[in-house]
Amino acid sequence: MQDSFEQVTVLDNFYQTSFFYPMPVVLVTTVSEDGRTNIGPYSLCFPFGIAGRHAMMLISRADSNTAVNIRRSKLAALNFITDKKSHLANAVRLGYPGQTTDEKLKESIFTLLPSMRTVKEKNISYPEIIGEAVAVMECTWEDSPGIFSYRGSSEESHFLLVIDSIIMKKKWSQALINGNGRFPHLPVDYGYRDSKYFWFASHKRPYKEPIPSDKGIDINSIIYQIQRMPYDLKWEDGAYEKLVKVPRIFLKRVLESISRRAVEEGVKVITPQLLDEYNKKRR
Ligand SMILES: Cc1cc2nc3c(=O)[nH]c(=O)nc-3n(C[C@H](O)[C@H](O)[C@H](O)COP(=O)(O)O)c2cc1C
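Rules used throughout
- Note that residues are indexed from 1 along each chain, following the sequence as it is written.
- Local features are withheld for residues below a pLDDT of 70 in this predicted model, meaning they are given only at 70 or higher, and side-chain atom pairs are given and counted only at 80 or more; totals for whole chains, interfaces and linings count all residues.
- Note: side-chain values were computed over all heavy atoms of the structure, leaving out hydrogens and water.
- Starting at the N terminus, helices and strands are each numbered in turn, a helix being any DSSP run of H or I of at least four residues and a strand any DSSP run of E of at least two.
- Think of it in three bands: with a 1.4 Å probe and only protein chains considered, a residue is buried below 20% of the maximum accessible area for its type, exposed above 50%, and partly exposed in between.
- Areas reported here follow the Shrake-Rupley algorithm with a probe of radius 1.4 Å; residue values treat only the protein chains shown as occluding.
- Charged residues are defined here as Lys and Arg on the positive side and Asp and Glu on the negative side; His and the ends of the chain fall outside this count.
- Every charge is mapped onto a representative atom, which is NZ of Lys, CZ of Arg, CG of Asp or CD of Glu.
- A pair of strands counts as paired when DSSP detects no fewer than two bridges linking them.
- Here, two residues are considered to be in contact whenever any of their heavy atoms come within 4.5 Å of each other.
- If even one non-hydrogen atom of a residue comes within 4 Å of a molecule or strand, that residue is called near it.
- Between N or O atoms, a polar contact is any pair within 3.5 Å; within protein, one atom must be a potential hydrogen donor and the other a potential acceptor, and residues adjacent in sequence are included only when both atoms are from side chains.
- Throughout, the edges of the domains are those of an automatic or database domain assignment.
- In the sections that follow, a salt bridge refers to a side-chain nitrogen of Lys or Arg positioned within 4 Å of a carboxyl oxygen of Asp or Glu.
- Residues belong to a common nonpolar core when they are buried Ala, Val, Leu, Ile, Met, Phe, Trp, Tyr or Cys residues joined through side-chain atoms within 4.5 Å.
- Only residues whose relative accessible area exceeds 30% and that take part in no salt bridge are eligible for patches, with like-charged residues grouped when within 9 Å of each other and nonpolar side chains (Val, Leu, Ile, Met, Phe, Trp, Tyr) grouped when within 5 Å.
- As a rule, the C-alpha atoms of each element are fitted with a line to give its axis, helices using only the stretch in contact, and angles between N-to-C directions run from 0 to 180 degrees.

Colleague: So what's going on with the overall build of the protein chain? Which residues, and what values?
Modeller: Within the protein chain, the regular secondary structure consists of nine helices and 13 strands. Overall, the protein chain is about 70 × 65 × 40 Å in size when its C-alpha atoms are taken along their principal axes. Here the protein chain, with 283 residues, has 38% of them falling under the buried criterion. As presented, the protein chain carries roughly 18,800 Å² of accessible surface, and 54% of it is formed by carbon and sulfur atoms. Of the charged side chains in the protein chain, 39 are positive and 33 negative; the average position of the first set lies 8 Å away from that of the second.

Here is the structure:
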């Protein structure tokens with residue numbers, strides 16, 4: 001027999017007191033007042049603006065070092081660490097509220113490296129990044145209330161962090177492009193649940209589930225595939241339409257070959273006419 005539902009009281013910090021909510025583990029690096037890089041562990045950190053403006057939402061207690069530093073410098077780097085137990089144990093140690101940046105840096109086992117932003121302004125200190133991270137998002141706080149504002153509890157701060165650059169260990173940026181089913185070992189955090197422990201789950205190898213073959217191909221899945229390819233090309237809407245009849249299993253290969261050819265020929269925009277031309281020549 002199936003287990004039946006019952007009501008759960010919704011308490012403060014509901015995601016960990018009244019729910020089982022899987023979260024990432026991010027070491028947020030920011031620049032403290034004396035110019036040193038502070039490391040704060042955070043889990044309430046999620047994609048927020050995903051098209052056009054690429055941004056993350058970070059939720060922090062309002063008086064954390066991280067929140068104070070972001071309000072002052074507007075800069076933060078989100079360092080995604082692996083599920084290695086010693087790293088997570090150190091992250092928990094660095095998550096003890098009230099410690100100064102100096103105290104934390106003495107306890108940290110992580111390596112700090114210079115920011116890898118390609119565009120840097122003189123006289124600005126950018127947060128260092130964590131050498132052990134799998135990937136890092138280097139961000140700037142978008143503090144215009146016209147873009148995002150939230151009037152909640154004064155104890156929490158919500159930061160819309162616009163992604164200026166993403167850097168990733170080579171092995172994983174290659175996996176991203178090749179789509180070879182290999183994934184970094186990122187942990188899942190279930191939060192601080194019993195006034196005693198943070199609860200983490202280790203990475204488990206993801207499995208694949210094909211999308212239904214009877215659903216046909218639509219323009220959105222073509223756009224989805226194109227956005228995941230490493231070519232700097234603009235596609236006109238009419239060009240997508242030309243491809244809806246391509247059998248799904250060939251779509252990636254066809255898009256790859258069109259894109260590579262366009263790049264080789266110095267083409268910047270894929271138009272319906274260009275696809276007709278390629279098609280005619282192929283025949
Ligand atoms: C794994 C982990 C996740 C955490 N996630 C959050 C979070 O999302 N928001 C938050 O305000 N505090 C979170 N904390 C608590 C902060 O780390 C803690 O307030 C710490 O003092 C922040 O460091 P900082 O003051 O140097 O920014 C988390 C702690 C750990 C260990």
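Next comes the rest of the write-up.
Colleague: Residues and numbers for the pairing of strand β8 (residues 135-141), please.
Modeller: Taking burial as the measure, the seven residues of β8 include six buried ones, the bulk of the element. Pairing analysis gives six bridges linking strand β5 (residues 75-80) to β8, with the strands arranged antiparallel. Along β8, the bridge assignment pairs A76 with C139. The sheet contact formed by β8 and strand β9 (residues 156-168) spans seven bridges and is antiparallel. Bridging across to β9, V136 finds its partner in I167.

Colleague: I'd love a proper account of the side chain of T271, names of residues and values included.
Modeller: Relative to the helices and strands, T271 is located in the loop between β13 (269-270) and α9 (272-282). Excluding residues that lie within four positions of it along the chain, T271 makes contacts with E236 and A239.

Colleague: Describe the site of the ligand, and please don't skip the residues or the numbers.
Modeller: P41, Y42, L44, T66 and K104 are the nearest of the 22 residues found near the ligand. A distance of 2.8 Å separates an oxygen atom of the ligand from a polar atom in the side chain of N38. A distance of 2.9 Å separates an oxygen atom of the ligand from a polar atom in the side chain of R61. Summarising the interface, the protein chains cover 92% of the accessible area of the ligand, which totals 630 Å² for the free molecule. Only β2 (37-42), β4 (55-61), α2 (65-73), α3 (85-94) and β11 (198-201) provide two or more residues apiece to the shell around the ligand.

Colleague: Help me get a handle on the domain arrangement of the protein chain, residues and values and all.
Modeller: Here the protein chain is partitioned into domain 1 (14-201) and domain 2 (213-282). For domain 1 versus domain 2, the separation of C-alpha centres amounts to 36 Å.

Colleague: Describe in detail the pattern of salt bridges, supporting the description with residues and values.
Modeller: Per the counting criterion, the structure on display carries nine salt bridges. Ionic pairing is found between R36 and D102, a salt bridge with its closest N-O pair at 2.1 Å. With R36 in the loop between β1 (26-31) and β2 and D102 in helix α4 (residues 101-107), the pair connects residues that are 66 residues apart, well separated along the chain. With relative accessibility at 37%, the residue R36 sits in the partly exposed group. Here D102 falls in the partly exposed class, since its relative accessible area comes to 35%.

Colleague: How would you sum up the nonpolar core? Please name residues and give values.
Modeller: Core analysis: the largest hydrophobic core is formed by 19 residues, its most contacted members being I222, W235, L243, L255, I258, I270 and L275. If you list the elements that add at least two residues to this core, you get α6 (219-227), α7 (237-241), α8 (248-264) and α9. Among the elements that make up this core, the one with the highest residue count is α8 (four residues). Apart from the residues within four sequence positions on either side, L255 is in contact with I222, Q225, I226, M229, W235 and L243.

Colleague: How would you summarise a nonpolar patch on the surface if you had to cite specific residues and measurements?
Modeller: A surface patch of nonpolar side chains, amounting to about 370 Å² of accessible area, comprises I166, M168, L176 and I177. At the level of elements, β9 and α5 (170-178) are the ones that each hand at least two residues to the nonpolar patch. Looking at the element boundaries, I166 is found in strand β9.

Colleague: Before we move on, can you summarise the sheet that holds β9 with the specific residues and values?
Modeller: Adjacent strands of a sheet form backbone hydrogen bonds with each other and so pair up, either parallel or antiparallel. In space, the seven strands of this open sheet follow the order β2-β1-β5-β8-β9-β4-β3, with antiparallel pairing throughout. A single partner strand is all that each edge strand has here, and the edge strands are β2 and β3 (45-49). Across this sheet, the average inter-strand angle for adjacent strands is 35 degrees, counted without regard to direction.

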